[in-house]
Amino acid sequence: MNAILIHANNLSPFFVDKFPGDKVVIDYSQSIQRWNFNLDRFLHEELSNAFKNHEYKVIFISYTLSQQNYLELTGLHIAAHIRLTCEFNHQHTPIVFIGPETPWEIAKLSEFSNILFTHGIFYTDKLDIGSIQNQYNWIIEKKPKLTDEELTKSIKRLQIIPPANYQSHHSIDNELALLRWSEYLQCDRQISEVKENLKTGLYFKYHRVLNPVKPSKTGTPYLISGEGKVLLIDDEAEKGWEDFYKCFFQYNINNKSIQFETLKLDFKSSTQENIIKEACCKVTEFYPDIVLLDLRLCDKDFNTNPQSEPKDFTGYKILEEIKKINKGIQVIITTASNKVWNYQSAYDVGANGYLIKKGDSDVAEDIKNIKHIVETNLIRAGYLKCTCKKIDSLRNSLDSGIRHKKINRNFGKELINLLEISFRMYDNVRTKEDFAYAYLALFKCLELIADEYTFTDCGIWQVVGPTPLNHYSWDDQMKKYKKIDPPGFKNGIPTTFEKIAALSFQLWKYKDTDVQQLYYSIKRRNEFIHPSEKDLSEKLKEECKRIYNHEGYFVLLKQISDIVNKITQ
Amino acid sequence: MKKILLLEDRPGRQMQYLDPEKIKKLKTTKDLKILLGNDCRYMIDKLNHADDSELNDFTLIIIHRSALSNVGIDTVTNHCKVNNKYLVFFSGGISQSLFSSQSFQYLLLNSKDFYQSNMFNFLDKFIKGEIEHITELIYGNNWKLNLMLNYRQLLLKGELGRTEEEFKENIEKLIGKLPLEELNKKIKTKITLI
């Protein structure tokens, strides 16, 4: 008889001795008190040994493999492992359960019993060799092997539920992505536990059979262009994500263009409040350019009754706090969720991108995508972080100026609003024209200042003081600004530049070079709105082009900041 | 009265499985010591440094296994072995509830099974000394059926070793000495009633 009997020394020794096939004892009773005991791993290893170099026609299993706790009914687990594990090479082999109970009785005793009612599963309560031999002969004659279709149907009926620590399908996709991405970069040695779970865990076997994925190719990490600091906030960092990203960034870490750090915290035992607090401390201290942020970071985020809303997720709250620290810090949400509503609400709070961890995606494309997202956001952080800091400091100066009555309250508030509007546009830049639109919004601040500090009295233009507003014009020969006396404003009204130049020289004691820079900033705006018909000098052309990148905005912001410092002192 | 220790380093998970009223009930159960937060961390640190002195007062010890290091797990296991105490380890990664009575009574449970089991009733009864077998935690009223199935397995096996004989005698103390035929009938009836 080409069969194997799987038992745990719990059957009659007489029957076991006489069994006319191979016999294997799978007894875990001695092992379960070990600190790292895992039933699935144990069964996988035992079965792997039992089936090595064999091709049995029938497998006999006792319902239970425990001598002390019958209701464990581990035989059902063993059968499920056999059906789900290709490498055992016995997926299609008929299985006979041995025990005094009927399958219908077992069905009342175990939630694993579905397997009893699938193709190629038989049972016997007759523990005599004659009956076993007859049953073997009958199976070989009538139903020697499951077809592929029967196997698929059987597996679908198993309905295996994930272990409790895989609190949603996201956790499973998360681990599968970690494994496949790490395999691609060949850094999977560091995640031996994850690999072991995925290889031996019954649920993962089931998931893999139902959701087959192409085997991953291997590749190498990219050298990321740009430089900066990257912070990972992920409760699974120690499980392997930290190692993955260290491998991903290895060339940049080696040449010191990227500093990579992880929020070290015992997430599982921390409260949401504590995680948020620690994350904020880390962001303030490390001051990253990019934060790779997982949305679900503590048990509370997995609540199903009532279901946690995305805005209640710990990661979402951290995102809000990071944006309070500096809106320019680029936050990339790393998620295994493909729910659009999760993304949208995080975008509303300022998320700058997503890395979606899926178990069945094209890994090479995923890795390329991470590179692209990181590079794009390093560039953005490069100009947004310092801009945001400047705007925050400007807002503080204006608030202080209002409080100390150095500037008019309405003027100050309007300036703050204009700054915020322009920054919002700057933060949302997608095209080079968008840079110009943000610039125009910021330019409104300069116009507002010019109008606030100049006025006309009986047809005579004045700067606050009051003193008459002088007319300055660039003298190309002298390479400096000269005063035109009497003033000759076109239509009797000074332009924005003429007002700013007068204020610069008369009120703020600027040097010629500073005023010339202000001229370029004003010219940049004017050329965009109504381009000159005559050719501009090369220098002026270069200056005007800066409206289409982040530099133009930052130069103008710095000029406004210097002026605000003057008027609020 | 028997004292129970429950160490859960993930209070958030407790909230996932139990509503606030149940958690309140758990926290106010007399002779049940629940350690959460810093107190829990302190105790876990001690166990992970092989110090089991804090366990002395308790008859039943219930701990989230993943909170402990391998040293901590061995410390707790040895403590229960030496003092013949009941031990329940629960963890999210466990796919099947397992029981062993070698040296001491030991249950290994999935966290969800633990919190959603017969836990409240079991803890109440345990404190009052009314629990006859620790598997009542997982099987509730079917714990006796489980013993009968174990007993039948032993009867069908026939030849028993010394440990198995002891195990059989222990079962007989709880369900009585039953001939196979009568046992079969009782099991059938019990399963029918499920």
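Residues numbered from 1 in each chain as written. Chains lettered and ligands numbered in written order. Predicted model: local features only at pLDDT ≥ 70, side-chain atom pairs only at ≥ 80, totals over all residues. Heavy atoms only, no water.

Brief notes about the interface of chain B and chain A
One widely used convention gives an interface's size as the accessible area the parts lose upon coming together. Quick reminder of the rule: Whether two residues touch is decided by their heavy atoms; if any such pair falls within 4.5 Å, the residues are in contact. Summed over both partners, the accessible surface that disappears when two parts come together, traced with a 1.4 Å probe, is what is meant by buried area. Throughout this description, the term salt bridge denotes a Lys or Arg side-chain nitrogen within 4 Å of a carboxyl oxygen of Asp or Glu. For the purposes of this entry, the term helix denotes a DSSP run of H or I that reaches at least four residues, the term strand denotes a run of E that reaches at least two, and both are numbered from the N terminus. Following the grouping adopted for this structure description, the nonpolar residues are Ala, Val, Leu, Ile, Met, Phe, Trp, Tyr, Cys and Pro, the charged ones are Asp, Glu, Lys and Arg, and the polar ones are all others, Gly among them.
On the side of chain A, 40 residues touch chain B, which itself brings 46 residues to the contact. Summed over both sides, the interface of chain B with chain A buries roughly 4,100 Å², with 50% coming from carbon and sulfur. Summed over the shared surface of chain B and chain A, the number is three salt bridges. Its salt-bridge partner being Glu105(A), residue Lys188(B) comes within 2.7 Å of it at the nearest N-O pair. Counting residues per element, the ones that place at least two in the side of chain B that touches chain A are helix 1 (11-17), helix 4 (70-83), strand 5 (98-100), strand 6 (106-110), helix 8 (143-157), helix 9 (162-175) and helix 10 (180-192) of chain B. In terms of residue count, helix 8 of chain B provides more of the side of chain B that touches chain A than any other element does, eight residues in total. Looking at the side of chain B that touches chain A, its residues break down into 14 nonpolar, 19 polar and 13 charged.

Observations regarding a nonpolar patch on the surface
All names here are of chain A. This is how the line gets drawn: Grouping into patches uses exposed residues only, defined as over 30% relative accessible area, and leaves out salt-bridged ones; the cut-off is 9 Å for like charges and 5 Å for nonpolar side chains (Val, Leu, Ile, Met, Phe, Trp, Tyr). Only the protein chains shown count as cover for residues, and the accessible areas themselves come from Shrake-Rupley with a 1.4 Å probe. For every residue, the accessible area (1.4 Å probe, protein chains only) is compared with the maximum for its type, and the residue is labelled buried under 20%, exposed over 50%, or partly exposed between those bounds.
A cluster of nonpolar side chains, namely Ile 421, Met 425 and Tyr 437, defines an oily patch on the protein surface of about 270 Å² accessible area. Positionally, Ile 421 belongs in helix 16 (residues 409-427). Ile 421 gets classed as partly exposed once you look at its relative accessible area, which sits at 47%.

With respect to unusual backbone geometry
All names here are of chain A. Residue Pro 466 is bonded to the preceding Gly 465 through a cis peptide linkage, with omega at -5 degrees. Its location among the elements puts Pro 466 in the loop between strand 12 (460-463) and strand 13 (467-468). Note that the residue after Asp 485, namely Pro 486, is joined by a cis bond; omega there is 0 degrees. Relative to the assigned elements, Pro 486 resides in the loop between strand 15 (480-484) and helix 18 (496-506). Residues other than glycine seldom take positive phi values, yet Gln 159 does so here, at roughly 50 degrees. Mapped onto the elements of the fold, Gln 159 is located in the loop between helix 6 (148-158) and helix 7 (169-184). Here the phi dihedral of Lys 405 falls at roughly 60 degrees; this positive angle occurs in a residue that is not glycine.

Quick look at the domain arrangement of chain B
Stated formally: Start and end positions for the domains come from either an automated domain assignment or a database one.
Each assigned domain of chain B is listed here: domain 1 (4-134) and domain 2 (143-193). Here the C-alpha centre of domain 2 of chain B lies 29 Å away from the C-alpha centre of domain 1 of chain B.

Notes on the packing of aromatic side chains
All names here are of chain A. Put simply, the rule is: Within 6.5 Å between ring centres, the rings of Phe, Tyr and Trp (the latter by its six-membered ring) count as paired, and their orientation is classed by plane angle as stacked under 30 degrees, edge-to-face over 60, tilted in between. The rule for a charge over a ring is simple: NZ of Lys or CZ of Arg within 6 Å of the ring centre, and within 35 degrees of the ring normal.
Across all of its chains, the model carries 47 aromatic pairs over all chains by this definition. In this structure an aromatic cluster arises from ring pairing among Trp 181, Trp 241, Phe 244, Tyr 245, Phe 248, Phe 249 and Phe 260. The ring of Tyr 548 has Lys 432 lying over it, and the distance from NZ or CZ to the ring centre is 4.6 Å.

Here's the deal with the packing of helix 16 of chain A against helix 17 (residues 432-452) of chain A
All names here are of chain A. Spelled out, the test is: Only the contacting stretch of a helix is used when fitting its axis, a line to C-alpha atoms as for every element, and angles between N-to-C directions run 0 to 180 degrees. Note on terminology: angles under 35 degrees are roughly parallel, angles over 145 are roughly antiparallel, angles of 65 to 115 are roughly perpendicular, and the others are oblique.
Remark: helix 16 packs on helix 17, axes separated minimally by 7 Å, with the N-to-C direction vectors making an angle of 170 degrees. Accordingly, the angle class assigned to the pair helix 16 and helix 17 is roughly antiparallel. In contact with Phe 411, Glu 414, Leu 415, Leu 418, Leu 419, Ser 422, Met 425 and Tyr 426 of helix 16, helix 17 contributes Phe 435, Tyr 437, Ala 438, Ala 441, Leu 442, Lys 444, Cys 445, Leu 448, Ile 449 and Glu 452. Looking at the contact of helix 16 with helix 17 residue by residue, the classes come out as 14 nonpolar, one polar and three charged.

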